[in-house]
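# Coordinates in review
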Amino acid sequence: MDKKFIQFPKDFLWGASISAWQAEGNNYNSDFEKYFKAGKAANHYEMYEQDFDILQKLNLNAFRTSIEWSRIEPEEGKFNEKEIEHYRKYFSSLRKRGIKIFATLWHFSNPLWIEKIGGWENSKTIFYFKRFAEKMCFEFSDFVDFWITLNEPVVYVSKGDVFGEWPPFKKNFLLGISVISRMLYTHRIIYNHLKKCNYKVPIGISENLAYIKPKNKYNILDWFAFYFADYFYNRYFFSRIGGRMDFLGVNYYFSADISFPNKYDQIGEKESDLGWKIHPKGLYYVLKYVKKFNLPVYITENGVADKEDKIREWYIKEHLFWAHRAMQEGVNLKGYIHWALIDNIEFKDGKNARFGLVEVDYENNFKRKIRDSAYFYSKIVKEGGFYYP
Ligand code: BGC
């Protein structure tokens, strides 16, 4: 097959992502810290300048992170000015480097005082989160280029309320439905309030979308199981957002075959260190799926746990190929933000899951080492595309 240059638009955003609790360290007022213990994590809180130097060195022009609610508001109603000042310096350092900022207001972890009142099971959390979001909008709208209200609420609820793996460790499907509808209601409220606070900054939400299909397309029961999974995993979310988004953040990791009653088998060619199968073409299907919303789309996460950096280069290239194909077919994709910039703490899997373009040596003062795949990605960014296959 002839090689073809896969060209991306000039104004395409190329970035990398992290989240606060997973990377910063010392987030002792967060419920996730209580259960998963990140400790110093990747020490990004102290080393962010160095990490931003790396972003720049890699030619990246976008960065996504979250603002840690438990850091800013460690006690109900008491906003910590020192931490606000920290994020002000942090964001202005990105600004000075000409890097576009995607700031997520909530990426799974809650302040301990929120956990105490029942977390997202309690309707009061809507009010508290709204107050926090407004404060962040007031403090940081001059820096932030894109607001993301919530990260993957469906993943959070299925892990925390349905399968009992994350806080609040419940196994109750009906509870899950009520929590997810509360969270999506919160998104709608926050959208309206952020618009009032600063109408210029686009507001979106990041959702983990999976390409799924019935395992046996001749088996009606598999179709039934597929519809059920598709409804709760993909469609319910959009039905509840009510059009309140200026862009959509797509996080893509999986594709799966669904069989009756509720079994799913990941599909894909290769496996990550965590045993997740990788199916780059699934990204194409997912992007085609969201085309109907007629919105700008950013891939706000896509990446692989690969400590030895054996497949990351392949992973990036294949996913970008399929993303590009979707763009050619009319999907308004405006950027790709790789997960993650640096190795960080992967909840239950802790330090073992190495998603970073940059390796973190946890034993040796958190020393950063840029992986080869990062240079490969950087070359794509610099040249605005790559030859394929
Ligand atoms: C989450 C990240 C996580 C990544 C890899 C995403 O679903 O937003 O926080 O590290 O997946 O598992």
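Scroll up to find the structure this text is about.
Basis of the calculations
- Residues numbered from 1 in each chain as written.
- Predicted model: local features only at pLDDT ≥ 70, side-chain atom pairs only at ≥ 80, totals over all residues.
- Heavy atoms only, no water.
- 1 Å grid on protein atoms, 1.4 Å probe; cavity = no way out; pocket = protein on both sides within 12 Å on 5 of 7 lines; lining within 4 Å.
- Points joined across faces, edges and corners; volume = space filled by probe spheres on them.
- Nonpolar A, V, L, I, M, F, W, Y, C, P; charged D, E, K, R; others polar.
- Helix = DSSP H or I, 4+ residues; strand = E, 2+ residues; numbered from the N terminus.
- Axes fitted to C-alpha atoms, helices over the stretch in contact; angles between N-to-C directions.
- Parallel < 35°, antiparallel > 145°, perpendicular 65-115°, else oblique.
- Left-handed = near helix turned anticlockwise from the far one by under 90°.
- Contact = heavy atoms within 4.5 Å.
- Phe/Tyr/Trp six-rings, centres within 6.5 Å; stacked < 30°, edge-to-face > 60°.
- Buried < 20%, exposed > 50% of the residue type's maximum accessible area, 1.4 Å probe, protein only.
- Pairing = 2+ DSSP bridges.
- Near = heavy atom within 4 Å.
- Polar contact = N/O pair within 3.5 Å; in protein donor to acceptor, adjacent residues only side chain to side chain.
- Areas by Shrake-Rupley, 256 points an atom, 1.4 Å probe, with all protein chains shown as cover.
- Sits in = over half its atoms within 2 Å of the grid points.
- Disulfide = S-S within 2.5 Å.

## So, empty space enclosed by the protein
Once rolled over the atoms, a probe with the size of a water molecule shows which space is left empty. Taken as a whole and assessed by the stated rule, the structure comprises two cavities of 30 Å³ or more. The calculated volume of the largest cavity comes to roughly 50 Å³. Lining the largest cavity we find Tyr253, Ser272, Trp276, Lys277, Ile278, Gly303, Val304, Ala305, Tyr315 and Phe355. Its residues assigned to classes, the lining of the largest cavity comprises seven nonpolar, two polar and one charged. Roughly 30 Å³ of internal volume is contained in the second largest cavity. Lining the second largest cavity are Ser66, Ile67, Glu68, Trp69, Leu105, Trp106, His107 and Ser109.

## Some thoughts on unusual backbone geometry
For the bond from proline 167 to proline 168, the omega torsion is 5 degrees, close enough to zero to count as cis. In this chain, phenylalanine 260 is followed by proline 261 through a cis amide linkage whose omega measures -5 degrees. Within the secondary structure, proline 261 sits in the loop between strand 9 (255–259) and strand 10 (263–266). Within the chain, asparagine 59 stands out as a residue other than glycine whose phi angle is a positive 70 degrees. Among the structural elements, asparagine 59 can be located in the loop between helix 3 (44–57) and strand 3 (62–66). In this structure, phenylalanine 108 takes a positive phi of about 75 degrees despite not being glycine. Looking at where phenylalanine 108 falls in the secondary structure, it is placed in the loop between strand 4 (100–104) and helix 6 (112–116).

## With respect to the packing of helix 11 (residues 281–290) against helix 12 (residues 312–328)
Contact pair helix 11 / helix 12: the axes reach a minimum separation of 7 Å and the direction vectors enclose 30 degrees. Compared by their axis directions, helix 11 and helix 12 come out roughly parallel. Judged by the twist between their axes, the crossing of helix 11 over helix 12 is right-handed. Along the contact surface, helix 11 presents Lys281, Leu283, Tyr284 and Leu287, while helix 12 presents His319, Trp322, Ala323, Arg325 and Ala326. Broken down by class, the residue content of the contact of helix 11 with helix 12 amounts to six nonpolar, one polar and two charged.

## A few points about the packing of aromatic side chains
Applying the stated criterion across every chain, the model contains 68 aromatic pairs. Judged by centre distance (5.6 Å) and plane angle (80 degrees), the rings of phenylalanine 32 and tryptophan 166 are edge-to-face. Separated by 134 residues along the polypeptide, phenylalanine 32 in helix 2 (residues 31–36) and tryptophan 166 in the loop between helix 8 (153–162) and helix 9 (173–197) bring together distant segments of the chain. A residue is classified by how much of its surface remains accessible, and phenylalanine 32, at 1% relative accessible area, is buried.

## Looking at the layout of surface pockets
Of the volumes computed, that of the largest pocket is approximately 1,400 Å³. What lines the largest pocket is a set of 45 residues, among which Ser158, Lys159, Phe163, Tyr233 and Tyr264 lie closest to the centre. The set of elements that each furnish at least two residues to the lining of the largest pocket consists of helix 8, helix 9, helix 10 (220–241), strand 9 and strand 10. Classifying every residue of the lining of the largest pocket gives 28 nonpolar, nine polar and eight charged.

## Description of the pairing of strand 16 (residues 367–370)
Along strand 16, the buried face is formed by Arg368 and Ile370; none of Lys367 and Lys369, which line the opposite face, is buried. Sheet topology places strand 15 (residues 358–361) next to strand 16; four bridges connect them, and they run antiparallel. Opposite valine 358, over in strand 16, you have isoleucine 370 as the bridge partner. Here strand 15 folds back onto strand 16, and the loop between the two strands holds five residues, one of which, asparagine 365, carries a positive phi near 55 degrees.

## Some details on the site of the ligand
Inspection of the region around the ligand gives 13 residues, with Gln22, His107, Glu152, Glu301 and Glu346 positioned closest. Between an oxygen atom of the ligand and a side-chain N or O atom of histidine 107, the distance comes to 2.8 Å. Within the contact set of the ligand, an oxygen atom lies 2.5 Å away from a side-chain nitrogen or oxygen of glutamate 152. Burial of the ligand by the protein chains amounts to 94% of its free accessible area of 310 Å². For the ligand, the cavity whose grid points lie within 2 Å of the majority of its atoms is the largest pocket.

## Here's the deal with the state of the cysteines
Taken as a whole and assessed by the stated rule, the structure comprises one disulfide. The partner cysteine of cysteine 137 in its disulfide is cysteine 197, sulfur to sulfur 1.9 Å. Here the S-S torsion is close to -100 degrees, and the disulfide linking cysteine 137 with cysteine 197 is therefore left-handed. Highlighted residues: cysteine 137 in helix 7 (residues 124–140) and cysteine 197 in helix 9, separated in sequence by 60 residues. Given the relative accessible area of 34%, cysteine 197 is considered partly exposed.

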